[in-house]
Amino acid sequence: MATLRRAQRFPFPDIPDWFESLPARFAMPTMGELYTVRIEDFTENGRYVMRAELPGVAPENIDVVISEGVLTVQAERTERDVSKNHSEIRYGVMSRSVTLPPGADEDDVKADYTDGMLTVSVGMGAEKTPAKHVEITHGT
């Protein structure tokens, strides 16, 4: 005999989404509300790889910037002007910044956007500068 099991529903379905975008809620958005981009990052074949979920975003609305050891992905999903009965899709500007690991080569960056997933890879061959000891003088 088959048993029918009912999936338990979370009583406040918007709360997990609110916590997910908590860091972005304190940022100053450039236009509209700012949301975070969901990412995963790892090292593979001597490269730092960051993958970002950006479903429904046109490639021309995605900007990838690397500056001073920080990789930033910013995207905008625009809303179609149609009458809706219900929508759980977020529209507006999404952004996420991550600090690159030591040795990341900011001149060796590749980005690919396929099926709603942005993949950015950064070479890890940059020469690391050795630690520098600074002499401390005592004022008279």
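Here, the structure is the one placed above.
Residues numbered from 1 in each chain as written. Predicted model: local features only at pLDDT ≥ 70, side-chain atom pairs only at ≥ 80, totals over all residues. Heavy atoms only, no water.

**Remarks on the overall build of the protein**
The test is simple: By definition, any uninterrupted DSSP run of H or I lasting at least four residues is a helix, any uninterrupted run of E lasting at least two residues is a strand, and each is numbered from the N terminus. Think of it in three bands: with a 1.4 Å probe and only protein chains considered, a residue is buried below 20% of the maximum accessible area for its type, exposed above 50%, and partly exposed in between. The contact criterion used is simple: two residues touch if any of their non-hydrogen atoms lie within 4.5 Å.
Across its full length, the protein holds two helices and eight strands. In the protein, the order of α-helices and β-strands from amino to carboxyl end is α-α-β-β-β-β-β-β-β-β. The buried share of the protein, reckoned over its 140 residues, is 24%. Long-range pairs, those at least 24 residues apart, make up 47% of the contacts in the protein with a sequence separation of at least 6.

**Some words on the sheet that holds strand 7 (residues 109–114)**
The following threshold applies: Two strands are said to pair when DSSP picks up at least two bridges between them. Axes, fitted as lines to C-alpha atoms, cover a helix only where it is in contact. Angles between the N-to-C directions of the axes lie from 0 to 180 degrees.
A sheet is described by the order of its strands in space; here four strands give the open sequence 2-3-8-7, paired in antiparallel fashion. Two strands close off the open sheet at either side, each with one partner strand: strand 2 (39–44) and strand 7. Neighbour to neighbour, the strand axes of the sheet diverge by 15° on average, direction disregarded. Sheet topology note: the strand 7/strand 8 (residues 117–123) ladder contains six bridges and is antiparallel. If you follow Ala111 over to strand 8, its bridge partner there is Val120.

**Focus on unusual backbone geometry**
Within the chain, Asn45 stands out as a residue other than glycine whose phi angle is a positive 50°. For Asn45, the location among the structural elements is in the loop between strand 2 and strand 3 (47–53). One non-glycine residue, Glu68, adopts positive backbone phi at about 50°. Tracing the chain through its elements places Glu68 in the loop between strand 4 (62–67) and strand 5 (70–77).

**Quick notes on the pattern of salt bridges**
Rules: A pair is scored as a salt bridge if a Lys or Arg side-chain nitrogen falls within 4 Å of a carboxyl oxygen belonging to Asp or Glu.
Applying the stated criterion to the full structure yields three salt bridges. A salt bridge links Glu53 to Arg38, with the shortest nitrogen-to-oxygen separation between them at 3.9 Å. Residue Glu53 is located in strand 3, and its partner Arg38 is located in the loop between strand 1 (34–36) and strand 2; the two are separated by 15 residues in the primary sequence. The partly exposed category is assigned to Glu53, whose relative accessible area is 39%. According to the relative accessible area criterion, Arg38 is partly exposed, its value standing at 46%. We note a salt bridge from Glu40 to Arg51, for which the minimum N-O separation is 2.6 Å. On the criterion of sequence distance, the pair formed by Glu40 in strand 2 and Arg51 in strand 3 is long-range, its members being eleven residues apart. Assessed through its relative accessible area of 37%, Glu40 is described here as partly exposed. Taking relative accessible area as the criterion, Arg51 reaches 28% and is therefore assigned partly exposed.

**Section: the environment of Gly92**
Structurally, Gly92 can be placed in strand 6 (residues 92–99). Assessed through its relative accessible area of 15%, Gly92 is described here as buried.

**A few points about the nonpolar core**
Counted only if it meets this: The definition of a nonpolar core used throughout is a set of buried Ala, Val, Leu, Ile, Met, Phe, Trp, Tyr and Cys residues joined through side-chain atoms within 4.5 Å.
If you look at the biggest cluster of nonpolar residues, it comprises 18 residues, and the most contacted ones within it are Tyr48, Met50, Leu54, Leu71, Met94 and Leu118. Among the secondary structure elements, those contributing two or more residues to this core are strand 3, strand 5, strand 6 and strand 8. Leave out the neighbours within four places in its chain, and Leu54 touches Val37, Ile62, Val73, Ala75, Arg77, Met94, Tyr113, Gly116 and Leu118.

**A few points about the side chain of Arg47**
Counted only if it meets this: Pairs of N or O atoms are called polar contacts if they sit within 3.5 Å, as long as, within protein, a hydrogen donor faces a hydrogen acceptor (for residues adjacent in sequence, only side-chain-to-side-chain pairs).
Its place among the elements puts Arg47 in strand 3. A polar atom in the side chain of Arg47 sits 3.0 Å from the side chain of Asp108. Polar side-chain contacts of Arg47 include one of 3.0 Å to the side chain of Ser121.

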